[in-house]
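Results of the structural survey
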Amino acid sequence: VPADQLAAALDALVARLDSAPPKDADARARELALTEKAYRVRVLAQAGRPDPGWMARLREEAEHLPLAARIHLAVALRAAGEPRAATELLISAGMPEANRARHADQIPSSLVTDAALLLDAWLDVDPQHERVARLARLIEDARRDGHWGTTQDNALALMALGRLCEES
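Remember, it's a predicted structure, so these values are computed and weren't measured experimentally.

Details of the overall build of the protein chain
- Scanning the protein chain from terminus to terminus reveals 8 helices and 0 strands.
- When the helices and strands of the protein chain are placed in sequence order, the string is α-α-α-α-α-α-α-α.
- Relative to the compact-globule value of 15 Å for 168 residues, the protein chain shows a C-alpha radius of gyration of 16 Å, a close match.
- With respect to the three principal axes, the spread of C-alpha positions in the protein chain is 45 × 40 × 35 Å.
- In the protein chain, of all internal contacts separated by at least 6 residues, the share reaching a separation of at least 24 is 61%.
- For the protein chain, the accessible area works out to roughly 9,300 Å², and carbon and sulfur atoms hold 51% of it.

Side note on the nonpolar core
- Core analysis: the largest hydrophobic core is formed by 47 residues, its most contacted members being Leu119 and Ile139.
- Within the residue set of this core, elements represented by two or more residues are α1 (3-17), α2 (27-46), α3 (52-60), α4 (67-79), α5 (83-93), α6 (111-125), α7 (130-142) and α8 (151-167).
- Broken down by element, the residue count for this core peaks at 10 residues, all from α6.
- In contact with Leu119, other than residues within four places in its own chain, are Val132, Leu135, Ala136, Ile139, Ala160 and Leu161.

Overview of the packing of aromatic side chains
- For the structure shown, the criterion picks out 0 aromatic pairs.
- Taking NZ or CZ as reference, Arg57 lies 4.3 Å from the ring centre of Trp54, over its face.

Description of α4
- Here α4 contains 13 residues, and its C-alpha end-to-end distance of 19 Å stays within 8% of the 18 Å for a straight helix at 1.5 Å per residue.
- By the criterion of burial, α4 is predominantly enclosed, with 11 of the 13 residues buried.
- Turning to α4, its buried residues are Leu67, Ala68, Ala69, Arg70, Ile71, His72, Leu73, Ala74, Val75, Ala76 and Leu77.
- Here the buried face of α4 lies against α2, α3, α5 and α6.
- Once α4 finishes, Gly81 follows within two positions and takes phi at roughly 90°, a positive value.

What about the pattern of salt bridges?
- On inspection of all chains with the given rule, the structure shows 10 salt bridges.
- Of the charged contacts, one joins Asp120 and Arg42 as a salt bridge, the two residues approaching to 3.2 Å between their closest N and O atoms. Here Asp120, found in helix α6, pairs with Arg42, found in helix α2; they are 78 residues apart in sequence, far enough to count as distant.
- Across the pair Arg131 and Glu130 runs a salt bridge, and its minimum N-O distance is 3.9 Å.
- Members of the salt-bridge network, linked through shared partners, are Arg42, Asp120, Asp124, Arg163 and Glu167.

Analysis parameters
Residues numbered from 1 in each chain as written. Predicted model: local features only at pLDDT ≥ 70, side-chain atom pairs only at ≥ 80, totals over all residues. Heavy atoms only, no water. Helix = DSSP H or I, 4+ residues; strand = E, 2+ residues; numbered from the N terminus. Rg over C-alpha atoms; globule rule 2.2 N^0.38 Å. Contact = heavy atoms within 4.5 Å. Areas by Shrake-Rupley, 256 points an atom, 1.4 Å probe, with all protein chains shown as cover. Core = buried A, V, L, I, M, F, W, Y, C linked by side-chain atoms within 4.5 Å. Buried < 20%, exposed > 50% of the residue type's maximum accessible area, 1.4 Å probe, protein only. Phe/Tyr/Trp six-rings, centres within 6.5 Å; stacked < 30°, edge-to-face > 60°. Lys NZ or Arg CZ within 6 Å of the ring centre and 35° of its normal. Expected span 1.5 Å × (residues − 1). Salt bridge = Lys/Arg side-chain N within 4 Å of Asp/Glu carboxyl O.

Given below as structure tokens:
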């Protein structure tokens with residue numbers, strides 16, 4: 001990617017961080033907005049442009065963040081040189097809920113998606129953590145007839161398990 005185009009894309013992410021959901025937004029819309037902000041913070045940190053203000057702001061809300069937002073924030077913290085904070089956040093996130101509802105809205109999610117994102121984050125933060133093996137088993141056990149159910153689940157499961165194989 002040409003440097004000027006990458007810089008413009010990262011500038012656009014920074015500019016969108018300050019956007020707020022509509023005042024009449026329901027709980028799911030607010031959850032999606034926080035997840036998007038955490039993802040933007042993650043991308044910026046991984047690109048070498050961490051946003052300490054937004055990372056701190058999201059950390060203050062950590063107990064109220066949806067799982068995907070916590071995961072993105074943990075990866076951002078690790079990329080920004082705060083591995084201890086990243087580990088604490090992932091530990092507090094726990095494990096994905098086995099009987100959770102699948103969301104098929106703006107940011108589709110499922111047990112497999114959550115587990116794959118968590119596994120990927122643990123591989124960034126602490127590849128030796130005991131949850132790595134548990135998450136890999138959870139993902140493998142969720143496979144039915146050679147796949148995980150949706151294109152997104154398949155892609156994220158394969159990405160996370162592939163990274164695990166690289167780490168081993």
